[in-house]
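Summary of the model geometry
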Amino acid sequence: MRQTLIVGNWKMNGLTADLAWSEAMIAALPDGPGVRAVALCPPFTLISSFAARLPGWISLGGQDCATAVSGAHTGDVSAPMLADLGCRYVIAGHSERRADHGEADAVVRSKAEAALKAGLTPILCVGETLEERESGAAEAVVTAQLEASLPECEPGSLVIAYEPVWAIGTGRTASAADAQAMHRALRSALPGGHGDVTAILYGGSVKPANAAELLAQDDIDGALVGGASLKAEDFAAIIAAGQ
Ligand code: PGA
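Model, not experiment: these values are computed from the prediction.

The next subject is the pattern of salt bridges. A full pass over the atoms with the stated rule returns 15 salt bridges. A salt bridge links Arg97 to Asp64; the shortest N-O distance between them is 3.3 Å. Pair noted here: Arg97 is in helix 4 (residues 95-100) and Asp64 is in the loop between strand 3 (58-62) and helix 3 (79-84), with a separation of 33 residues, a long-range link. A relative accessible area of 23% places Arg97 in the partly exposed class. In this structure, Arg133 and Asp178 form a salt bridge, with 3.8 Å as the shortest nitrogen-oxygen distance. Taken together, the residues span a long stretch of sequence, with Arg133 in helix 6 (residues 130-134) and Asp178 in helix 8 (residues 176-189) at a distance of 45 residues. Given the relative accessible area of 39%, Asp178 is considered partly exposed.

Of the positions making up helix 1 (residues 21-28), those classed as buried are Trp21, Ser22 and Met25. Around the axis of helix 1, the buried residues are gathered within 95° of arc, so they sit on the same side. Turning to helix 1, the residues buried within the fold contact strand 2 (37-41), helix 2 (44-51), strand 3 and helix 10 (232-240).

As a further point, take the side chain of Arg187. Along the chain, the position of Arg187 falls in helix 8. Excluding residues that lie within four positions of it along the chain, Arg187 makes contacts with Arg2, Gly195, Thr198, Ile200, Asp219 and Asp221.

As summarised here, the arrangement of the eight strands in space is 1-2-3-4-5-6-7-8, forming a closed barrel in which the pairing is parallel. On average, each strand axis in the sheet is tilted by 25° relative to the strand beside it, whichever way the strands run. Lying on the sheet, helix 8 is in contact with strand 5 (121-126), strand 6 (159-162) and strand 7 (200-203); it crosses strand 7 at an angle near 145°.

Procedures and definitions
- Residues numbered from 1 in each chain as written.
- Predicted model: local features only at pLDDT ≥ 70, side-chain atom pairs only at ≥ 80, totals over all residues.
- Heavy atoms only, no water.
- Salt bridge = Lys/Arg side-chain N within 4 Å of Asp/Glu carboxyl O.
- Helix = DSSP H or I, 4+ residues; strand = E, 2+ residues; numbered from the N terminus.
- Buried < 20%, exposed > 50% of the residue type's maximum accessible area, 1.4 Å probe, protein only.
- Arc of directions from axis to C-beta.
- Contact = heavy atoms within 4.5 Å.
- Pairing = 2+ DSSP bridges.
- Axes fitted to C-alpha atoms, helices over the stretch in contact; angles between N-to-C directions.

In structure tokens, the structure reads:
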């Protein structure tokens, strides 16, 4: 059975005043998440406060972790530190980390390995640029990214997120058919035993208006939601979409 999962990625947004999001989100979703698991990845600075505030059905995740466990790495946060705060997930290899911090596939793989060692579930992100899509290379690029950044692990111990770079924060979304085709390709590229049990999330301008169609696709098991997760009502509507 594949997990169905909706994850909010707040990126570098959110101050203590925004902790009221949890009550607003719960009020907008009075019957809970239905069949879907839900997670929130706030900035590191808000994880503890959310841990004290969120109901048990909303898991927490980090947006990144270090490859090392501890030591002289000023400014970094390790996977055991996230686990210590009660996190269940950590995003690895988001395209903004790949672009802003030069994280190559090998680093992403080490981060995912560090997460697994700490008992966290990595949410491993892959996605092509607009040029790569327009040149017809999207599938080759994305499956190569997956192969190079996937750690060795037990089937079912990580989550994949397909996030076309050109769809992130742009308001442009992959069509449901294109997203489904890429998810199918990714599932086929996973090593034996993983394809049937690995949740593959779609990310890139997911919003209440397009969530139901995307989530209805056979190989789309959930969503990684950036901008729309900041608005409690929109995030609740995405969780509820198409249930
Ligand atoms: P977006 O971001 O929903 O704002 O496009 C998604 C993501 O980058 O995870």
